[in-house]
Amino acid sequence: MNEAPRGSRPYKSLSVPGMGADTESPMTKDTRIDPAPSTKLVTIERHILGQQALYPDASGELTNLLYDIALAGKLIAREVRRAGLNDILGRAGAMNSSGDEVKKLDVFADIAMYRSLDHTRRVAVMASEEHESIIPIPDRFTPGNYVVMYDPLDGSSNIDANIPTGTIFSIHRKVSPGSRGTDQDCLQPGHNQVAAGYILYSSSTIFVYSTGHGVNGFTLDPTLGEFLLTHPDIKMPSRGKIYSVNEQNTCWWEPGMRRYIDWLKEEDKPTYRPRQARYIGSLVGDFHRNLLYGGLFMYPGSKKDPRGKLRLLYEASPLAYIAEQAGGKASDGTTRILDLVPTKLHERCPLFIGSPEDVDEAVAFVNGRRS
Ligand code: AHG
Ligand code: MN
Ligand code: MN
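Keep in mind that what you see is a predicted model, and the values were worked out from it rather than measured. Residue positions are given per chain, counting from 1 as you read along its sequence in written order. For naming, the first written chain is A and the first written ligand is 1, with later ones following in the order written. Thresholds applied to this predicted model are a pLDDT of at least 70 for local features of residues and 80 or more for the giving and counting of side-chain atom pairs; totals over whole chains, interfaces and linings are not thresholded and use all residues.

K.L.:
Would you mind going over the sheet that holds strand β12 (residues 276-277) in detail, with residue names and values included?
P.N.:
Taking strand neighbours across the sheet as the criterion, the 5 strands line up as β12-β11-β13-β15-β14 in an open arrangement whose pairing is mixed. The open sheet has two edge strands with one neighbour each: β12 and β14 (329-331). Pairing between strands is defined by DSSP: at least two bridges between the two strands are required. Helix numbering and strand numbering both begin at the N terminus, where a helix is a DSSP run of H or I of at least 4 residues and a strand a DSSP run of E of at least 2. Inspection of the sheet shows strand β11 (residues 242-244) paired to β12 by 2 bridges, in the parallel sense. The residue bridging Tyr 243 from the neighbouring strand is Ala 277, located in β12. For every residue pair, C-beta atoms are placed from the backbone, and the pair is scored as a contact if these atoms sit within 7 Å. Lines fitted to C-alpha atoms define the axes here, with helix axes fitted over just the stretch in contact, and angles between the N-to-C directions of these axes take values from 0 to 180 degrees. In the packing of helix α7 (residues 312-325) onto the sheet, the strands contacted are β14 and β15 (351-354), and the crossing angle to β14 comes to about 150°.

Written out as structure tokens, the structure reads:
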């Protein structure tokens, strides 16, 4: 350990974004940086390549696919940042396949993802929240071995208010016979995912992904145009103080769900109650906060919508993969999200996702095992 020169006052420890968690070194007043032996600057490219090394037989196809998605994320982040300036806000005048209003940025994000992936020879088929059917790879391009499903712009109803949005992606291996992908490739249970993640467009842009070896987060340095490792090996606290749910739906909830939310608001220190309510209405944003701080996001089924609102393939399944890789859990109230076998592309499912003890607690209430 290098000591500060005599007579100089060490500055408060500084950490440099992207330079790893172990770079908090004292700086001397003449601003020389202590050359800490393990100082690392890790770009997303370097990190993804490092993950590939964990699979000796890997061809690099998945590695490059993740780069491609990171590129799409940069394009979307740039557009989201310029949204107000470019008069891009407003309605595109169409509805998506789930009947929601489509905003222009949804369309841009959808095209950015598609165009970053269609010609790469790495993808056999895609599916997007914004398309009714699977998106085939055009005949003029050679298909690859992977299946990519995405919600191009989650939380898009928040765009006009400058509230966080995100892109969620899920990657499977192709399983159908033949070179071009089919519905069968998209309708796989989430435990078959080989990678998943999201890009959150907020006060900064962060890319969070997993290939089954933990979860890492990379913040976009807009001046460099690089995603730099800022959140290595993210672990979700086993219990959190936060619950996130749209309570407008209380009147349609089943009694177990209502009782659980009432219980969360009661005062009882040993069980960390009352809990804090935090709900952005942008799943990626709500999930990301709870991933870092601990907590529970819920979009339960109700009398009005027995299977809730969120889509299994584009939202629940990839985030469940991230949650589990970070030590969290995700359930539809009965079944582990990653074990649900989808029967259609735009299938919805109730979602309880977050800190493992909180998910277990919620599920116990919903099933009437606790009251
Ligand atoms: P999307 O913008 O992709 O359609 O998703 C919106 C989702 C999700 O982001 C959010 O958690 C949820 O809708 C909010 O729904 P409510 O407005 O019903 O709470
Ligand atoms: Mn969404
Ligand atoms: Mn969306």
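K.L.:
Describe helix α6 (residues 283-293), listing the residues and the values that go with them.
P.N.:
With respect to burial, α6 is a largely interior element, 9 of its 11 residues being buried. For α6, every residue scored as buried is listed here: Leu 283, Val 284, Gly 285, Asp 286, Phe 287, His 288, Arg 289, Asn 290 and Leu 291. Positive backbone phi, at 90°, marks Gly 294, one or two positions downstream of α6. Residue burial is a threshold on neighbouring C-beta atoms within 10 Å of the residue's own C-beta, all placed from the backbone, with 20 or more meaning buried, 12 or fewer meaning exposed, and counts in between meaning partly exposed.

K.L.:
So, the site of ligand 1: which residues are in play, and what are the values?
P.N.:
Taken together, 12 residues lie around ligand 1, and Asp 154, Gly 155, Ser 156, Asn 246 and Leu 283 are the ones closest in. When residues are sorted by character, Ala, Val, Leu, Ile, Met, Phe, Trp, Tyr, Cys and Pro go into the nonpolar class, Asp, Glu, Lys and Arg into the charged class, and all the rest, Gly among them, into the polar class. Among the residues making up the shell around ligand 1, the classes are represented as 1 nonpolar, 6 polar and 5 charged. When residues of the shell around ligand 1 are assigned to domains, at least three fall in each of domain 1 (44-231) and domain 2 (242-366). The C-beta atom of each residue is placed using the backbone, and any residue whose C-beta lies within 6 Å of a molecule or strand is treated as near it. Where each domain starts and ends comes from a domain assignment, either automatic or drawn from a database.

K.L.:
Any details on the sheet that holds strand β3 (residues 123-128)? Residues and values, ideally.
P.N.:
Pairing is mixed across the open sheet formed by 8 strands, whose spatial order is β4-β3-β5-β6-β7-β8-β9-β10. On the outer flanks of this sheet lie β4 (135-136) and β10 (226-231), each paired with one strand and no other. Bridging between strand β7 (residues 195-201) and strand β8 (residues 205-210) involves 6 bridges; their strand directions are antiparallel. Bridging across to β8, Ile 199 finds its partner in Phe 207. Sheet contacts for helix α3 (residues 104-117): β3, β4, β5 (146-154) and β6 (165-173); angle to β5, the most-contacted strand, approximately 160°.

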